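Each chain is listed here by its residues.
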Amino acid sequence: MSFEELEHTADVLMRIRGATLSELFSEAGRAMFHVMYGPCEDRGIVRQIALEAEDLESLLVDYLSELLFIADTENLVFCTFDVDLQGNQLSAVVRGEPFDPERHAGGTLIKGISYFGLEIVKEKDVYVVDIIFDI
Amino acid sequence: MFEGINKVGDFEWEVPIGYVPDMRVPGRFFLSQALAETLEEGAVHQLANVATLPGIVKYSLAMPDIHWGYGFPIGGVAAFDRATGVVSPGGVGFDINCGVRLITTPLTEADLAGKKRELIEALFSVVPTGVGAKSTLRVSNSELTDVMVTGARWAVERGLGTQRDLVRCEEEGAMPGADPEAVSAKARQRGVPQLGTLGSGNHFLEIQVAREIVDPEAARVFGITEGQICFMVHCGSRGLGHQVATDHLRVLEKALRKYQIQLPDRQLACAPIDSPEGRAYYGGMACAANYAWANRQVIMHEARKAFMQVFDIDYDEMRLIYDVAHNVAKFERHDVNGVSMEVCVHRKGATRAFGPGAPGIPREYAAVGQPVLIPGSMGTSSYLLHGTEAAMQKTWGSTCHGAGRVLSRSKAKRTVHGKELREQLAKEGILVRAHHDSVLAEEAPEAYKPSHEVVRVVHEAGLSGTVARLEPLGVIKG
């Protein structure tokens, strides 16, 4: 589906949409890496993530925080996010490439995923969530 | 002004109990009419939300750079009773001990003539900046423990600074209460390669000139003179601090039910100060704060060496005036209705501004109060101020921390072109160096409220006194 940046003076507020919850989580990852690194290609880097949380919003925060951690410590940039959700359990396969200062240093680091106003809602047939990324 | 908010002073507004349900105390914020026009209702709601937290004392406060954040508003200040109150990462933010330090040099603008570009390039080559930046320091895991406990002192003991630097930092560069056990392996992993790096966003290292001395006596005490070249460092605790905040936010969020705390915003997750979860957060936060003081110490050291490389000056001629934190929670003693009380003061995008004679400020500054540093945006003035007795009485010894944004980053990018901005600033004599021009547009001067108006309000409201205005001459950015 899609993500779009909404007006927020201090931080980055993203509205994420997905036809399914899995797609919503995939798009959230894509939005986050778009803010931090800009363009990215799949160059054979693959990482897997498995998580469980008490509710979907916490699972979303944990999932994005885990991606931040991997990107920061392994110098990786991800562009595709295959997410499988079973209840409050997540398993994801993410693909991307090593960080390249020439192509990836024009973005803004995200410091954390905020809980403020974080609520996954279903509008007609689409899941929607607004996420504030602290930058 | 929004409905339901009352004006109670020339620059002071009250948010009464009942503005949102379950407020325990009223809210108070400080604004001029001009700044009121850019106030967001969401920021006032966040201020009111903070007033619902257990153990909050007197008021939920916000400084004139109040704006919409998450959890606390940016510019938010609140004190919690040590015995009955809570501690909350929502009142500190992800970038624990983001802060500022200001250093004077023996140089004047004339000395910089023809050498500014060389200096900027020298600074840019020794201070890692931006997304993906890694430190040239090699720090072991056990050394990282020392960094988290001893802060800036760790750097000084390694030869990256002098003993005198330590005295001129808030908390002397290391706050007590650090508990390395409360810092996860993940946070450590992020912290090791990033010590001595600037980061991105609004962080910077800027060359400035003291253009105007407003309070000659305080300027003399702080050791700054008109026309003097200075430099300012603005950064925080990097990935280590972000991870500490992320980890503990989740723990505290899960503990809410255990302590039967109802919240209007999950980002305000908190726990009693004297609970296992509250103590762990405080201990981890103190580690991150100390890491940030070490980080700014290392960056200052590298910048001093770059100045020495370009100019014939000595290391000791570059004097640290002060280092202030603007995202932190600390135990302090304050007067509450005539009684001295220990409280946990949260400052999120707010600066400590202790007045004359207050404990915890350098003896050499005792007569005028602590130095307060307000960074401007790229291309606009920064300010040196001093703390006041009025701040001690009204705001737990706190003042503003910066200009505060008026444009979102996306709108700034749509209206400002990074390359053009860089060229325009160069015409004004301000050299800007970054890895990409795209990061400049987001931080364009027009994206911020005028820093002089925010500073005027804290001065007029008595929360701090203006000492000097510094103009930018060159900046390196993330």
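Anything mentioned here points back to the structure above.
Residues numbered from 1 in each chain as written. Chains lettered and ligands numbered in written order. Predicted model: local features only at pLDDT ≥ 70, side-chain atom pairs only at ≥ 80, totals over all residues. Heavy atoms only, no water.

Participant: Summarise the pairing of strand β7 (residues 99-108) of chain B; cite the residues concerned and give the values.
Facilitator: Residue and element names in this part refer to chain B. Counted residue by residue, β7 has 8 buried out of 10 residues, so it is predominantly covered. Sheet topology places β7 next to strand β9 (residues 228-235); 7 bridges connect them, and they run antiparallel. What sits directly across from Thr 104, in β9, is Cys 230. Bridging between β7 and strand β11 (residues 319-325) involves 6 bridges; their strand directions are antiparallel. Within β11, the residue paired with Thr 104 across the bridge is Arg 319. (Buried < 20%, exposed > 50% of the residue type's maximum accessible area, 1.4 Å probe, protein only. Helix = DSSP H or I, 4+ residues; strand = E, 2+ residues; numbered from the N terminus. Pairing = 2+ DSSP bridges.)

Participant: Give me the lowdown on the nonpolar core, citing residues and values where you can.
Facilitator: Generally speaking, soluble globular proteins have nonpolar side chains that are buried together. Core analysis: the biggest nonpolar cluster contains 150 residues, and Met 32, Phe 33, Leu 60, Tyr 63, Leu 64, Leu 67 and Ile 131 of chain A have the highest contact counts within it. Element by element, the count of residues in this core is highest for helix α11 (residues 276-310) of chain B, at 11 residues. In contact with Ile 131 of chain A, not counting residues within four places along its chain, are Val 12, Leu 13, Met 14, Ile 16, Ala 28, Leu 60, Leu 64, Ile 113 and Leu 118 of chain A. Core analysis: the next-biggest nonpolar cluster, separate from the first, contains 33 residues, Phe 222, Val 324, Leu 440 and Val 467 of chain B among them. (Core = buried A, V, L, I, M, F, W, Y, C linked by side-chain atoms within 4.5 Å. Contact = heavy atoms within 4.5 Å.)

Participant: Help me get a handle on empty space enclosed by the protein, residues and values and all.
Facilitator: All names here are of chain B. One pass over the full model with this rule turns up 7 cavities of 30 Å³ or more. A volume near 540 Å³ is recorded for the largest cavity. Broken down by secondary-structure element, the contributors of at least two residues to the lining of the largest cavity are β4 (60-70), β8 (204-213) and β19 (464-477). Of the residues contributing to the lining of the largest cavity, the split by class is 13 nonpolar, 13 polar and 10 charged. Taken as a whole, the second largest cavity holds about 170 Å³ of empty space. (1 Å grid on protein atoms, 1.4 Å probe; cavity = no way out; pocket = protein on both sides within 12 Å on 5 of 7 lines; lining within 4 Å. Points joined across faces, edges and corners; volume = space filled by probe spheres on them. Nonpolar A, V, L, I, M, F, W, Y, C, P; charged D, E, K, R; others polar.)

Participant: Explain the pattern of salt bridges to me, and be specific about the residues and the numbers.
Facilitator: Residue and element names in this part refer to chain B. Counted under the stated rule, the structure contains 45 salt bridges over all chains. Between Glu 109 and Arg 211 there is a salt bridge, with the nearest N and O atoms lying 2.8 Å from each other. Of the two residues, Glu 109 sits in helix α3 (residues 109-112) while Arg 211 sits in strand β8, which places them 102 residues apart along the sequence. (Salt bridge = Lys/Arg side-chain N within 4 Å of Asp/Glu carboxyl O.)

Participant: Talk me through the side chain of Ser 88 of chain B; I want residue IDs and the actual numbers.
Facilitator: All names here are of chain B. Along the chain, the position of Ser 88 falls in the loop between β6 (86-87) and β7. Polar side-chain contacts of Ser 88 include one of 3.0 Å to the backbone nitrogen of Gly 90. Setting aside anything within four residues of it in sequence, one finds Ser 88 in contact with Gln 267, Leu 268, Ala 269, Cys 270, Tyr 281 and His 346. (Polar contact = N/O pair within 3.5 Å; in protein donor to acceptor, adjacent residues only side chain to side chain.)

Participant: Hey, could you go over the sheet that holds strand β5 (residues 89-98) of chain A for me, with residue numbers and the actual values?
Facilitator: Residues and elements named next belong to chain A. Taken together, 3 strands build an open sheet; the order of strands is β3-β5-β4 and the sheet is antiparallel. This sheet does not close on itself; its edge strands, each paired only once, are β3 (45-52) and β4 (76-86). Averaged over all pairs of adjacent strands, the angle between their axes in this sheet comes to 20°, without regard to strand direction. Bridge count for β3 against β5 is 8 bridges, and the pairing is antiparallel. Counted as the bridge partner of Val 46 is Arg 95 from β5. Packing against the sheet, helix α1 (residues 21-37) makes contact with β4 and β5, and its axis sits at approximately 165° to β4. (Axes fitted to C-alpha atoms, helices over the stretch in contact; angles between N-to-C directions.)

Participant: Now, about the interface of chain B and chain A: what can you tell me, with residues and values included?
Facilitator: Contact residues are listed per partner, giving 46 residues for chain B and 40 residues for chain A. A combined buried area of about 3,600 Å² lies between chain B and chain A, and 52% of that area is made up of carbon and sulfur atoms. Connecting chain B to chain A are 7 salt bridges. Across the pair Asp 95 of chain B and Lys 111 of chain A runs a salt bridge whose closest N-O atoms are separated by 3.3 Å. Remark: the boundary between chain B and chain A carries 19 residue pairs in polar contact (both at pLDDT 80 or more). Residue assignment for the side of chain B that touches chain A shows that the elements contributing at least two residues are β4, α8 (185-191), α10 (238-255), α13 (409-415) and α15 (438-442) of chain B. (Buried area = accessible area lost by both parts, 1.4 Å probe.)

Participant: Just give me the short version of the packing of helix α4 (residues 116-126) of chain B against α11 of chain B, but keep the residues and values in it.
Facilitator: Residues and elements named next belong to chain B. In contact at an axis separation of 9 Å, α4 and α11 are set at 145° when each is read in the N-to-C sense. The handedness of the crossing between α4 and α11 is right-handed. Along its contact with α4, which presents Glu 118, Leu 119, Ala 122, Leu 123 and Val 126, the element α11 presents Glu 302, Ala 303, Ala 306, Phe 307, Gln 309 and Val 310. The residue inventory of the contact of α4 with α11, partitioned by class, reads 8 nonpolar, 1 polar and 2 charged. (Left-handed = near helix turned anticlockwise from the far one by under 90°.)

Participant: Can you break down α1 of chain A residue by residue, with the values?
Facilitator: Note on helix geometry: an α-helix contains 3.6 residues per turn, so any two residues three or four positions apart are oriented the same way. Residues and elements named next belong to chain A. In a regular helix each residue adds 1.5 Å, so 17 residues correspond to 24 Å; α1 covers 24 Å between its end C-alpha atoms and thus fits that length. In terms of residue burial, α1 counts as a mostly covered element, since 13 of its 17 residues are buried. The positive-phi residue at the C-terminal boundary of α1 is Gly 38, with phi of around 75°. (Expected span 1.5 Å × (residues − 1).)

Participant: Run through the environment of Ser 275 of chain B, naming residues and quoting values.
Facilitator: All names here are of chain B. Here Ser 275 shows up in the loop between β10 (271-272) and α11. The spatial distance from the C-alpha of Ser 275 to the C-alpha of Pro 176 is 18 Å, given a sequence separation of 99 residues. At 2.7 Å, the side chain of Ser 275 and the backbone oxygen of Pro 272 are in polar contact.

Participant: I'd like a rundown of the pairing of β19 of chain B, residues and numbers included.
Facilitator: Residues and elements named next belong to chain B. Of all the 14 residues making up β19, 13 are buried; the element is thus mostly covered by neighbouring parts of the structure. Sheet topology note: the β8/β19 ladder contains 9 bridges and is antiparallel. Following the sheet pairing, Phe 204 is matched in β19 by Lys 477. Here strand β16 (residues 382-387) pairs with β19 via 6 bridges, running antiparallel. What sits directly across from Gly 387, in β19, is Ser 464. As paired elements, strand β18 (residues 431-433) and β19 share 3 bridges and run parallel to each other. Among the inter-strand pairings, Val 432 is bridged to a residue of β19, identified as Val 475.

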